[in-house]
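Here's the letter readout for the chains.
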Amino acid sequence: QAKEMGRNQFRFFTESLHEQLQTYIRFSREMPKSLEDENFYLLYQPQVDLKTSKIISVEALVRWKHPELGIVSPLDFISIAEETGFIVPLGRWVLSTACRALRELSDLQYDDVRIAINLSSRQFRDPELLNMIRQALHRYRIDPARLELEITETLLMQDIDLAISTLTELQQLGVTVAIDDFGIGYSSFNYLKTLPINVLKVDREFIKDIPDHLDDMEITAAIISMAHRLKMKVVAEGIETDVQKVFLEEHHCDVGQGYLFSKPVPLDELFEQLAQQHV
Ligand code: C2E
Ligand code: MG
Ligand code: MG
Ligand code: MG
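Only a predicted model underlies this, so the values are computations on that prediction, with no experimental measurement involved.

**Q** Explain the environment of valine 113 to me, and be specific about the residues and the numbers.
**A** Tracing the chain through its elements places valine 113 in the loop between helix H3 (87-107) and strand E6 (114-118). In this structure valine 113 comes out as buried when scored by relative accessible area, which is 1%. Separated by 56 residues in sequence, valine 113 and serine 57 place their C-alpha atoms 5.0 Å apart. Once residues within four sequence positions are removed from consideration, valine 113 is found in contact with Ile55, Ile56, Ser57, Leu102, Leu105, Arg146 and Leu274.

**Q** Summarise the pattern of salt bridges; cite the residues concerned and give the values.
**A** The full count for this structure, using the stated rule, is 12 salt bridges. The shortest N-O distance in the salt bridge between glutamate 30 and arginine 26 comes to 3.0 Å. One end of the pair is glutamate 30 and the other is arginine 26, both in helix H1 (residues 17-36) and 4 residues apart, which spans about a single turn. Classification of arginine 26 by relative accessible area gives buried; the value is 18%. The partner of arginine 114 in a salt bridge is glutamate 148, with the nearest N and O atoms 2.3 Å apart. Here the residue arginine 114 occupies a position in strand E6, and glutamate 148 occupies one in strand E7 (residues 147-152), the gap between them amounting to 34 residues. For glutamate 148, a relative accessible area of 2% translates into the label buried.

**Q** Lay out the coordination of the magnesium ion (ligand 2) in plain terms, naming residues and giving numbers.
**A** Put simply, a metal with four donors set out as a tetrahedron has ideal angles of 109.5 degrees, and one with six donors set out as an octahedron has ideal angles of 90 or 180 degrees. In the first shell of the magnesium ion (ligand 2), the protein supplies Glu59 (OE), Asn118 (OD1), Glu150 (OE) and Asp180 (OD), at 1.9 to 2.2 Å from the metal. Sequence spacing of the donors to the magnesium ion (ligand 2): E-x58-N-x31-E-x29-D. Metal-to-metal, the separation of the magnesium ion (ligand 2) and the magnesium ion (ligand 3) is 3.9 Å; aspartate 180 coordinates the two. Of this pair, glutamate 59 sits in strand E4 (residues 55-66) while asparagine 118 sits in strand E6, and the two are 59 residues apart along the sequence. According to the relative accessible area criterion, glutamate 59 is buried, its value standing at 4%. We classify asparagine 118 as partly exposed; its relative accessible area is 28%.

**Q** How would you sum up the side chain of serine 57? Please name residues and give values.
**A** Mapped onto the elements of the fold, serine 57 is located in strand E4. Judged by relative accessible area, which is 1%, serine 57 ranks as buried. Here arginine 114 takes part through its backbone oxygen, which lies 3.4 Å from a polar atom of the side chain of serine 57. Excluding residues that lie within four positions of it along the chain, serine 57 makes contacts with Gln45, Pro46, Gln47, Val113 and Arg114.

**Q** Please provide a residue-by-residue account of the packing of aromatic side chains, values included.
**A** Summed over the entire model, instances satisfying the criterion amount to 5 aromatic pairs. Centre to centre, the rings of phenylalanine 40 and tryptophan 64 are 5.5 Å apart; their planes meet at 20 degrees, and the pair counts as stacked. Of this pair, phenylalanine 40 sits in strand E3 (residues 40-49) while tryptophan 64 sits in strand E4, placing them 24 residues apart in sequence. Each member of the pair, phenylalanine 40 together with tryptophan 64, is buried.

**Q** Residue-level account of the side chain of arginine 146, with values.
**A** Secondary-structure assignment places arginine 146 in the loop between helix H5 (129-139) and E7. Of note is the side chain of arginine 146, whose polar atom sits 3.3 Å from the backbone oxygen of tyrosine 110. Among the polar contacts made by the side chain of arginine 146, one reaches the main-chain carbonyl oxygen of valine 113 at a distance of 3.0 Å. Sequence-distant contacts of arginine 146, defined by excluding residues within four places in its chain, comprise Leu102, Leu105, Ser106, Tyr110, Asp111, Val113, Arg114 and Ile115.

**Q** How would you summarise the coordination of the magnesium ion (ligand 3) if you had to cite specific residues and measurements?
**A** Bound to the magnesium ion (ligand 3) on the protein side are Asp180 (OD), Asp181 (OD), Glu237 (OE) and Glu237 (OE), at distances that span 1.9 to 2.7 Å. Note on aspartate 180: relative accessible area 6%, which makes it buried.

**Q** Go over the site of ligand 1 with me, naming the residues and quoting the values.
**A** Near ligand 1 lie 24 residues; those nearest to it are Arg63, Asn118, Asp180, Glu240 and Tyr259. Here a nitrogen atom of ligand 1 and a backbone polar atom of valine 62 are 3.2 Å apart. In the model, a nitrogen atom of ligand 1 is placed 2.5 Å from a nitrogen or oxygen of the glutamate 240 side chain. Protein burial of ligand 1: of its 810 Å² of free accessible surface, 83% is covered by the chains. Taking a 2 Å distance to the grid points as the criterion, the majority of the atoms of ligand 1 fall inside the largest pocket.

Rules and cut-offs
Residues numbered from 1 in each chain as written. Chains lettered and ligands numbered in written order. Predicted model: local features only at pLDDT ≥ 70, side-chain atom pairs only at ≥ 80, totals over all residues. Heavy atoms only, no water. Helix = DSSP H or I, 4+ residues; strand = E, 2+ residues; numbered from the N terminus. Buried < 20%, exposed > 50% of the residue type's maximum accessible area, 1.4 Å probe, protein only. Contact = heavy atoms within 4.5 Å. Salt bridge = Lys/Arg side-chain N within 4 Å of Asp/Glu carboxyl O. Donors = N, O, S within 2.8 Å, 3.2 Å for Na, K, Ca; no water. Polar contact = N/O pair within 3.5 Å; in protein donor to acceptor, adjacent residues only side chain to side chain. Phe/Tyr/Trp six-rings, centres within 6.5 Å; stacked < 30°, edge-to-face > 60°. Near = heavy atom within 4 Å. Areas by Shrake-Rupley, 256 points an atom, 1.4 Å probe, with all protein chains shown as cover. 1 Å grid on protein atoms, 1.4 Å probe; cavity = no way out; pocket = protein on both sides within 12 Å on 5 of 7 lines; lining within 4 Å. Sits in = over half its atoms within 2 Å of the grid points.

As structure tokens, this is what we get:
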């Protein structure tokens, strides 16, 4: 039986193998219906320019409002959606919802704010990906540079030839590409050099123990300077303390994301945050 824990958050990892199978079967059946019923929604987490302290971008993060289980974390349903193929229609919905949000931002004169969305492996391999992105950009009249796609290193390494050709096409389209969770997967520095990638996101794993773990600080500093040499911008994920922020500023990290600045928030709350910083 699935459990509800803390703030009404359903957590998958506490389940036994049998329960996980039950959840798999249940979620695969329920997710498509939930999309029709509009039970998925996006939250937006600000990304702050560490030089100016302004919000320059937001990451769209999906949530599932389950009729019985409450709010389900993407950590608990994305992998199931990926396996069943439901990630394709869900990803299409995420893209179009994010583009609609970009249009609203433009209409409110926040033309410089960008939105990043996460792409999973199956979406990245979908032959319709490029068309889908083109259509969404066209429909909502979005400057492609304002849309950022986050992909992981592991995804890139699965099929490097496909990665190169898809990334090249995305580059031609003018969208921004970021490597998410950098440092915890299989990275090849050789591919980093050749792949058209604009942004590197340092995984929270390296940030969370600053300033206690000196090795994490060395690695973080090294990743930042390597990325800059390769003409990439650097985002640090999961900044929770001022000490971490100051360390990253001192090492010329470009952008920060984390609870210190803001947790992921609904669109109207993002508008409020933007309004406040523009006064
Ligand atoms: P991610 O892309 O690495 O997103 C960052 C995660 O870190 C988010 O978790 C965010 O809420 C959390 N986070 C941000 N700042 C902090 C912090 O200061 N401290 C801590 N402890 N955590 C922080 P979330 O929203 O639960 O998403 C988890 C993962 O689910 C994402 O990791 C991403 O891989 C995946 N995901 C979320 N939305 C989508 C989506 O629309 N499509 C796909 N394919 N995957 C998604
Ligand atoms: Mg991400
Ligand atoms: Mg990440
Ligand atoms: Mg992460």
